[in-house]
Amino acid sequence: MSLIVANSLTKTYRKGSVAVDAVKDATFIIERASFVTFVGPSGSGKSTLLNLIGALDHPTSGSLLVAGTDIGTLDRRAAAVFRGRTIGFIFQEFNLIPVLTAYENVEYPLLLVQHAAAAERRQRALALLDAVGIGDQRDRYPDELSGGQKQRIAVARALVTSPQLVLADEPTANLDHANAALVMRTMRQMRDTLGTTFVFSTHDPRVVAEAEVVFRLEDGRLVDRQTSGAAA
Amino acid sequence: MTKLIKIAVRNLARYRRRTLLTASLIAIGVIAVVVFGAAAGAFKGLMVGQITDSMLGHLQIHQRGYVASIDNLPLTRTLLPSEVAAIEQDLRGDPDVEAYSRRLKFGGMFSNYIETTAIRLNGVYPDEEFRTVPLLASRIGAGGGSLERGQIVVPDLLANGMKVTVGDTVVVIATNRDGSVNAAQLVVSGIVEGVTGPGGRDGYVHIEDALSLLRMDTVEISEIAIRLRSVDRLHTATNRIRTGLEEAQAAGNIASFEVHTWEGLSPFYNVVVLMDVLVISATAGLVAIVLISVMNVMLMSVYERVKEIGTIAAMGTMPRTILSMFVIEGAALGALGILIGNLVAIGAILVIDAIGPTFSFGRQTGLVLSPDIDAGRMLVVSAIVAVVAILGTVQPAFKASRMDPVEALRHA
């Protein structure tokens with residue numbers, strides 16, 4: 001069974017009397033454990049699509065099933081519960097909590113979202129920090145770390161709850177070439193090890209090159225789908 | 001919860017200067033209320049003590065209508081011996097009553113054989129009087145305070161004016177109830193210092209002399225002054241005594257009576273009320289300071305952390321957890337202000353006690369103000385600040401918890 005099934009998915013925003021279709025009539029399927037990216041110019045609807053898949057926003061019409069859940073039916077509370085159980089997020093600007101150490105940032109979703117026991121939290125957070133190669137930095141605060149280190153912590157935080165899906169919005173946009181490559185390699189390793197599905201939005205050709213499936217968006221419409229090899 | 005507190009404390013530390021400024025503002029409010037409340041309480045206690053222990057007693061019993069005409073010291077509104085006996089029986093059985101003093105108050109003329117002037121006198125049983133108003137003995141500066149039959153304690157202003165000293169023989173002339181005049185020769189046994197308030201400038205004679213002077217065959221009493229074991233029990237004890245006397249009246253043992261607390265007898269009570277109002281006003285000011293400062297800081301905190309809120313909301317943090325985060329942060333800010341405020345307030349009270357500032361009250365000088373560290377007051381003030389700090393946080397915290405994650409994540 002596919003992890004994400006979108007059928008005629010549309011998201012329309014109203015700006016005064018003007019209706020703008022950020023995503024229009026998008027139909028696609030994303031399989032489990034795949035490494036997928038949405039590409040397209042600014043304003044093409046990539047972030048809106050990721051917000052819809054991440055249950056942060058509601059579709060205006062069409063249907064969107066993520067891990068068997070119809071996103072359109074979720075209220076605010078149910079959407080929060082769904083996200084906490086099913087989805088990990090990685091952001092362009094890392095979005096680590098500045099008052100928490102690297103370890104505490106990774107531990108956060110287990111503690112305040114999933115309310116896991118202390119021993120389990122510790123074991124999983126440390127394992128993930130080691131897995132992304134940043135275990136020795138666990139007591140450092142975000143402002144003491146480089147961009148690449150921060151993003152690897154963000155990857156660990158996204159994966160610590162063992163989500164079925166990780167959504168990454170422009171994950172390499174604020175990284176130099178070496179760190180971008182390292183972060184992408186880390187995510188790919190995680191996918192290979194844990195079987196987690198990764199979905200990105202990006203402009204970055206390095207991310208596109210790593211992707212197994214590339215969806216191209218233009219003006220909110222899904223205009224192309226390419227698989228590994230052809231994608232680059 | 002521990003983690004939420006930890007996050008709250010770290011966020012407060014993150015904006016250290018702002019946190020310290022706000023906590024200082026709260027602390028200043030706490031200090032003002034605690035220190036002013038303690039000083040006002042000490043002043044009030046001292047004044048109330050001076051008034052009740054020097055002359056008035058904590059409460060008084062009279063025949064109905066006596067207090068309304070007290071300026072005339074009427075001899076027609078006395079309690080008869082049988083009524084006094086009924087009242088005494090009631091007072092002796094009351095656990096709150098420490099002592100009582102029967103007084104026969106009257107006006108007369110005072111002569112040193114050269115000059116004559118008006119005088120107000122209390123005929124008292126000395127033992128009862130000294131036990132009921134224990135500061136009376138200390139007011140009698142010259143003469144040591146003995147009051148045997150044939151003696152008189154003269155108010156100091158009158159003694160100075162008439163150039164009378166201890167050991168002098170004087171004459172007191174009084175008109176009795178029937179209008180006939182009588183005189184008695186008495187020896188001055190003491191000079192009593194005047195105090196502010198009703199009866200504060202009266203002289204004293206033994207009650208047997210007063211009865212003789214007024215040609216009364218039986219012991220009639222103008223007022224019974226009562227001292228309680230604790231002034232805190234004033235209203236409870238007064239109500240119980242009043243109820244007991246009503247029952248005695250219903251049984252026909254007392255014709256009429258009235259019971260007044262010192263609050264109803266002394267104009268200083270208005271000052272006490274004013275001081276209480278000032279303390280309440282200071283507390284209201286504190287509430288406003290805390291509410292505005294905490295709400296302001298927390299609103300700023302929410303606006304500065306919109307993206308952070310969006311991030312944790314996106315991760316699946318429930319709105320109530322986000323709400324708790326900010327409420328705990330506001331409460332922690334209030335707690336910091338409370339801690340600093342109470343510590344400084346304790347220090348300030350100790351300093352005031354060490355300095356021992358003195359002041360005058362009426363003709364009394366050298367009264368030392370020594371405020372107490374009142375744990376109860378500090379707890380109440382702390383509780384008010386804590387509650388108001390949390391209230392001040394609710395609106396910003398609610399705003400944070402209801403934030404749309406998409407909008408919040410888009411925030412620059």
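Criteria and thresholds
- Residues numbered from 1 in each chain as written.
- Chains lettered and ligands numbered in written order.
- Predicted model: local features only at pLDDT ≥ 70, side-chain atom pairs only at ≥ 80, totals over all residues.
- Pairing = 2+ DSSP bridges.
- Helix = DSSP H or I, 4+ residues; strand = E, 2+ residues; numbered from the N terminus.
- Core = buried A, V, L, I, M, F, W, Y, C linked by C-beta atoms within 7 Å.
- Buried ≥ 20, exposed ≤ 12 C-beta atoms within 10 Å, placed from the backbone.
- Contact = placed C-beta atoms within 7 Å.
- Nonpolar A, V, L, I, M, F, W, Y, C, P; charged D, E, K, R; others polar.
- Axes fitted to C-alpha atoms, helices over the stretch in contact; angles between N-to-C directions.
- Parallel < 35°, antiparallel > 145°, perpendicular 65-115°, else oblique.
- Left-handed = near helix turned anticlockwise from the far one by under 90°.
- pLDDT = per-residue confidence, 0-100.

A. Local environment of the pairing of strand E7 (residues 181–192) of chain B. Residues and elements named next belong to chain B. When strand E5 (residues 151–155) meets E7, the two strands line up parallel, connected through 5 bridges. Bridge pairing in E7 links Pro155 to Val192. For strand E6 (residues 169–175) and E7, the ladder comprises 7 bridges, and the chain directions are antiparallel. Residue pairing across strands places Val172 opposite Ala184, the latter belonging to E7. Adjacent in sequence and paired antiparallel, E6 and E7 are bridged by 5 residues, among which Gly179 carries a positive phi angle near 100°.

B. Quick peek at the nonpolar core. With 116 residues, the main nonpolar core has A:Val155, B:Val30 and B:Val385 as its most contacted residues. Broken down by element, this core gets its largest block of residues, 12 residues, from helix H12 (residues 319–355) of chain B. Once residues lying within four places of it in the same chain are set aside, the contact partners of B:Val30 are B:Leu286, B:Gly337, B:Ile338, B:Gly341, B:Asn342, B:Ala345, B:Val381 and B:Val385.

C. Quick peek at the interface of chain A and chain B. If you look at the interface, chain A gives 18 residues, while chain B gives 16 residues. Looking at the side of chain A that touches chain B, the elements that each hand over two or more residues are helix H2 (76–86) and helix H3 (102–113) of chain A. The residue inventory of the side of chain A that touches chain B, partitioned by class, reads 12 nonpolar, 4 polar and 2 charged.

D. Molecular detail of the sheet that holds strand E4 (residues 61–66) of chain A. Residues and elements named next belong to chain A. Here 4 strands make up an open sheet; going across it, the order is E2-E1-E4-E5 and the pairing antiparallel. Edge positions in the open sheet fall to strand E2 (18–30) and strand E5 (69–70), since each of these has one partner strand only. Pairing of strand E1 (residues 4–15) with E2, which is carried by 9 bridges, proceeds in the antiparallel orientation. Each bridged residue has a counterpart across the sheet, and for Ala6 the counterpart in E2 is Phe28.

E. Quick look at helix H1 (residues 46–53) of chain A. Residues and elements named next belong to chain A. Most of H1 sits out of view: 8 of its 8 residues are buried. Those residues of H1 lying buried are Lys46, Ser47, Thr48, Leu49, Leu50, Asn51, Leu52 and Ile53. Ala55 sits one or two residues past H1 and shows a positive phi near 60°.

F. Representation of the environment of B:Leu21 within the structure. All names here are of chain B. Relative to the elements of secondary structure, Leu21 occurs in helix H2 (residues 16–56). For Leu21, a count of 13 C-beta atoms within 10 Å puts it in the partly exposed group. Along the chain, Leu21 and Ala86 lie 65 residues apart, while their C-alpha atoms are 65 Å from each other.

G. Region of interest: the packing of helix H10 (residues 268–304) of chain B against H12(B). Residue and element names in this part refer to chain B. Packing of H10 against H12 brings their axes to within 10 Å, and their N-to-C directions diverge by 135°. The pairing of H10 with H12 is recorded here as oblique in orientation. Crossing angle aside, the handedness with which H10 passes H12 is right-handed. Seen from H10, the contacting residues are Val290, Val294, Val297, Met298, Ser301 and Val302; seen from H12, they are Phe326, Glu329, Gly330, Leu333 and Gly334. A per-class count over the contact of H10 with H12 returns 7 nonpolar, 3 polar and 1 charged.

H. Here's a closer look at the environment of B:Val188. Residue and element names in this part refer to chain B. Mapped onto the fold, Val188 is located in strand E7. Owing to 22 C-beta atoms within 10 Å, Val188 belongs among the buried residues under this scheme. Between the C-alpha atoms of Val188 and Ile152, which are 36 residues apart in sequence, the distance is 4.9 Å. Not counting the four nearest positions on each side in its chain, Val188 is found in contact with Ile152, Val154, Val164, Thr165, Val166, Gly167, Asp168 and Val170.

I. Geometry of the confidence of the model for chain B. Residues and elements named next belong to chain B. In the predicted model, chain B carries a mean pLDDT of 89, and 97% of its residues have values of at least 70. Predicted confidence in chain B is weakest over strand E4 (residues 140–142), with a mean pLDDT of 74, and strongest over strand E9 (residues 223–228), with 95. This complex was scored by the predictor with a pTM of 0.74 and an ipTM of 0.89.

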